[in-house]
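Analysis of the macromolecular model
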Amino acid sequence: MLNEFPKSYNPKDSEEKLYKSWLENSIFDTDSKSEKPAYSILMPPPNITGILHFGHILNLTIQDLYIRRKRSQGFESCWFPGTDHAGIATQARLEAELRKENISRYDLGREEFVKRVWQWREKYGGIILEQMRKLGISCDWNRTIFTMDDGPSNAVNEVFIRLYEEGLIYRGKRIINWSPLSMTALSDEEVEFREVKEHIYTLRYYYEDNSGYLMVATVRPETIFGDTAVAVNPHDERYKHLIGSKVRVPICNRLVEVIADEYADPTFGTGCVKITPAHDPNDFMVGERHNLEVINSINPNGTLNDFAGEFSGLERFEARKKVLAKLKEFDLVEKIEDYTHNVGFSQRGGEPVEPYLSDQWFVKMKPLAEEALSAVLDGEINFHPPHWVKTYEHWLSNIKDWCISRQLWWGHRIPVYYAEDGSFTAAKSVDEARKKMGLNENAELRQDEDVLDTWFSSWLWPLTTMHWLKDGKIEDTEILSKFLPTNLLVTAPDIIFFWVARMIMATKHFKNEIPFKDVYFTSLIRDGQGRKLSKSLGNSPDPLNVIDKYGADAVRFTMIYLSPLGQDVKMDVNVETQDIPSVEIGRNFGNKIWNAGRFIIMKQEQILSDSGLKSNSELLNDSELTLADRWILSRLNTAIADIDDALDNFRVNDYSKILYDFIWRDFCDWYVEIIKIQANNSNDNNYKIRLMNFAVNIYKSILQLIHPVMPFISEEIWQLLNPGSKSISLVKINDANRTLIDKQIESDFELLQSLIEEIRKIRAASNLPPSKKIPLFLNCKDESTVNYLVSQIPVIELLAKCSDTVAGTSVEKPEPAVTSVVKEIEIYLSIGSLIDIDAEKSRLNKEIERLTSLISGSEKKLSNEKFVSNAAAEIVENEKNKLANLKNSLEVVRQNLIGLG
């Protein structure tokens, strides 16, 4: 077997081969008729325009970890994959392609444009799913859906019609968030507010008789062409006498009334507010209260229209400059002041959003929000970390109606049909619409030109993935019965409103069921300087290149190792090489596991070869188990129990740390070394074979423990150890055997580990030759400790490179010696003539001088208030840690000097 176990693990030799094998053997396929208990996860569908980034890597790794773990625990473990049609992003991508051909979508027409988008999707839309496979994820690919497939589309239409008939969808004229770049409406959640430094302009609105003027403050003088009133507060004594009179709007000279409304704040600006109902949501509400005329003076593309007269056709921000110049020319500007305020920007296009009056379709959200809020507050659905519950509660408690119409061609076209007289209805087809409206079969109807917000299909994801309303009719499916509610949703917190809340609303409303039981919110990924990974900063390497260099397992393990729940992930990024050196954590861990396995197999085969015995599967019997054997059994089962607790409570980062500490430290650094001693100290070849079989069994359990996060290397080694096995995924993992957990043995062994590690430290600190075995004296506090350490002398002497060990309760210190204390055991290393005592004293004194100088410099820096207050918190903390380490080093050197006499 050793001939088949290469000296080192090369991910490139394994990953593609193993993934192909998993697919060919249908390892990821699930059966909705299975009698196994169900476990399921919904993949957040990536946009078809998307490319893999490290946010995906973290998200997918966590999902795959749970799916693989549950599969190995005997669950029917189904991960539902798919992609999202991404209306705005995809249409923008295609329009950019068309511009290269010097044509627009209008040149093609709607039908041809949509056909082109489908062609693009067929060619490029699956790229991100192929990229995901490089990570080794184990979705049931046979269940892949696309939000524009026939099944999901039928469900979308039916849901729209049902909500319309329930009175929960309505058409209304409202001020909505408008993207002049994409020329479409945006939902509130698609708007990102940023602090912007601008100016506030106080303009002169002259009285009708020109006897004076009101001073009216505005940030947007370019919208004066839509002014239809000036509001003052009814309790503002300064203006009570003017209520009902008229003033003249600057430049356009329109007379508008001075109205009284609570919206006007007497303490802000002059207390007078221009009311522009078509271009401000608050002004629109004022306009409705006072039945004001609504004048829309801005075009959908962000230019001024004919109401702006000579400024017609100017882009809104360019118009602001020109309008201001004209106002100054006519002495209509009272003053200009600096002003900082929050401005909404489109998350898609990045441009400032335009408040825009438009006919749009809305969903009434309050009736839907009540059940969705209760589901979380009552504990039906749990958030991890739980602090997101407050955010969720605040949003749902203050929810506004959802604008669901988009002025696009790519997406689910709104299933509403209009008659020539303006009447309309929602229907699955034009024929159904005619019947609903009582029209004859030849009556002319036109379908609404708009499409639905992309999230309108995404909120049905828990249902459409399971074929609900696939034909527009079927309510219950075998898949729904088996897998709904799903167990876990892993997602970024920035879509808690876009997607998480709305999925809960839809599933509760239509199925009276929760969509998932737990929601795990992933962390934000930052570089070593604390900056968010971003292409523009050049600190976001291509994950595929990183996977190619280190292997998928290394990337997966490192991501969760660096990702505490609820905290940002920090990774060192080399901007010049576009590399992430942190991933060496995972690669080194994988190599450690590989090398341990190769050594055990090598030792096993060596014993068989030397003895001439045949391989068998016999294990150590209970009487043969040494303290070390019982310790590793206890540590293994403790690790299994701790891992179960960590993952059951979504402490994924803890899972990685438990794995790392148990495998690297306990198994590789300690137990593998100890079995060398046990094998070398025995002349019984049959015992040696049983010992190595025992070690292999522990190792196989380790492979099963790492498989959820490191599927490739665990599968590769599993296949080497178990030729003919279909997959490690299909081998049921053992639960923790708590009868094998012995905390006293673990405590005793921890003492042994601490002792050996301390001896290694003082050897290194004293510059003792690594190859020399040094006499060891141990002075213990009681006989039980002495007896335990005496039983472990072979282990201590081999691993600490000592000899002639003496342990007792009244052991005297030899001279000269270097000393230390660990857990009340005094350690004396008799150095005799191993080193030149005078030379070593001189070296230690110089080291004391050096460390004292460094400590003094660090203390001065930390006592400098300017440094502490001006330096970044991270730099100050690093300096504090540096000082603590220097002081510890100084104490060790002083003790070593004392030990030399």
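Attention in this report is confined to the structure presented alongside it. (Residues numbered from 1 in each chain as written. Predicted model: local features only at pLDDT ≥ 70, side-chain atom pairs only at ≥ 80, totals over all residues. Heavy atoms only, no water.)

Side note on the overall build of the protein
Secondary structure assignment for the protein yields 29 helices and 29 strands. Counting the 901 residues in the protein, one finds 55% classified as buried. Put simply, of all contacts in the protein between residues at least 6 apart along the chain, 77% involve residues at least 24 apart. Approximately 40,000 Å² of the protein is accessible, and the part contributed by carbon and sulfur atoms is 47%. (Helix = DSSP H or I, 4+ residues; strand = E, 2+ residues; numbered from the N terminus. Buried < 20%, exposed > 50% of the residue type's maximum accessible area, 1.4 Å probe, protein only. Contact = heavy atoms within 4.5 Å. Areas by Shrake-Rupley, 256 points an atom, 1.4 Å probe, with all protein chains shown as cover.)

Quick notes on the environment of Pro564
Among the structural elements, Pro564 can be located in the loop between helix H18 (552-561) and strand E25 (569-571). Separated by 454 residues in the primary sequence, Pro564 and Arg110 place their C-alpha atoms 48 Å from one another. In this structure Pro564 touches Ser523 and Asn653, once residues within four positions along its chain are discounted.

Things to note about the pairing of strand E29 (residues 825-830)
Burial within E29 is extensive, with 5 of its 6 residues counted as buried. With 4 bridges joining them, strand E26 (residues 774-779) and E29 adopt antiparallel strand pairing. Looking across to E29, one finds that Leu776 is bridged to Leu829. As paired strands, strand E28 (residues 817-822) and E29 are joined by 6 bridges and run antiparallel to one another. In the strand pairing of E29, Thr819 is matched with Tyr828. (Pairing = 2+ DSSP bridges.)

Re the sheet that holds strand E20 (residues 446-447)
Read across the sheet, 3 strands follow the order E19-E18-E20 without closing on themselves; strand pairing throughout is antiparallel. Each edge of the sheet is formed by a strand with only one pairing partner; in this case those strands are strand E19 (424-426) and E20. Both strand E18 (residues 416-418) and E20 contribute to a ladder of 2 bridges, which runs antiparallel. Bridging across to E20, Tyr417 finds its partner in Gln447. Strands in contact with helix H7 (residues 150-165) are E18 and E19; relative to E19, the strand with the most contacts, it is inclined by about 125°. (Axes fitted to C-alpha atoms, helices over the stretch in contact; angles between N-to-C directions.)

Topic: the sheet that holds strand E16 (residues 402-403)
In spatial order, the strands read E6-E5-E14-E16; together these 4 strands make up an open sheet with antiparallel pairing. Edge positions in the sheet fall to strand E6 (184-186) and E16, since each has one partner strand and no second. Across 2 bridges, the pairing between strand E14 (residues 354-363) and E16 is antiparallel. Considered in E16, the bridge of Phe362 is made with Cys403. Packing of helix H8 (residues 281-290) onto the sheet brings it into contact with strand E5 (169-179) and E14, and relative to E5 it is tilted by some 140°.

Considerations on helix H9 (residues 316-329)
The terminal C-alpha atoms of H9 lie 20 Å apart, and with 14 residues this matches the ideal 20 Å at 1.5 Å per residue to within 8%. For H9, the set of buried residues is Arg316, Ala319, Arg320, Val323, Leu324, Lys326 and Leu327. Burial along H9 is one-sided: seen end-on, the buried residues are contained in an arc of 165°. More than 90 degrees from the buried face of H9, the exposed residues found are Lys321 and Glu329. In this fold, the buried residues of H9 make contact with strand E7 (191-207), strand E13 (333-346) and E14. Its side-chain oxygen 2.9 Å from the backbone nitrogen of Phe317, Glu315 forms the N-cap of H9. Just beyond H9, the residue with positive phi is Asp331, at close to 55°. (Expected span 1.5 Å × (residues − 1). Arc of directions from axis to C-beta. Polar contact = N/O pair within 3.5 Å; in protein donor to acceptor, adjacent residues only side chain to side chain.)

Focus: the nonpolar core
Inside soluble globular proteins, nonpolar side chains tend to come together where they are buried. One finds Phe54, Tyr66, Ile137, Phe667 and Tyr671 to be the most contacted residues of the largest nonpolar core, which totals 151 residues. Per-element accounting of this core gives the leading share, 16 residues, to helix H21 (residues 652-680). Not counting chain neighbours up to four residues away, the residues in contact with Phe54 comprise Ile525, Leu533, Pro541, Pro543, Val546, Val555, Met559, Met571 and Ile580. In terms of nonpolar packing, the next biggest core, distinct from the first, is built from 63 residues, Val376, Ile399, Ile404 and Leu484 among them. (Core = buried A, V, L, I, M, F, W, Y, C linked by side-chain atoms within 4.5 Å.)

Some thoughts on the packing of helix H20 (residues 627-648) against H21
For any two helices packed against each other, the geometry is given by the interaxial angle and the distance between the axes. The geometry of H20 relative to H21 is characterised by a closest axis approach of 10 Å and an angle of 170° between their N-to-C directions. Considered as vectors, H20 and H21 are oriented roughly antiparallel to each other. Contacts from Ala628, Asp629, Trp631, Ile632, Arg635, Leu636, Ala639, Asp642, Ile643, Ala646 and Leu647 in H20 reach Val652, Asp654, Tyr655, Ile658, Leu659, Phe662, Asp666, Phe667, Trp670, Tyr671, Ile674 and Gln678 in H21. For the contact of H20 with H21, the per-class residue count stands at 17 nonpolar, 1 polar and 5 charged. (Parallel < 35°, antiparallel > 145°, perpendicular 65-115°, else oblique. Nonpolar A, V, L, I, M, F, W, Y, C, P; charged D, E, K, R; others polar.)

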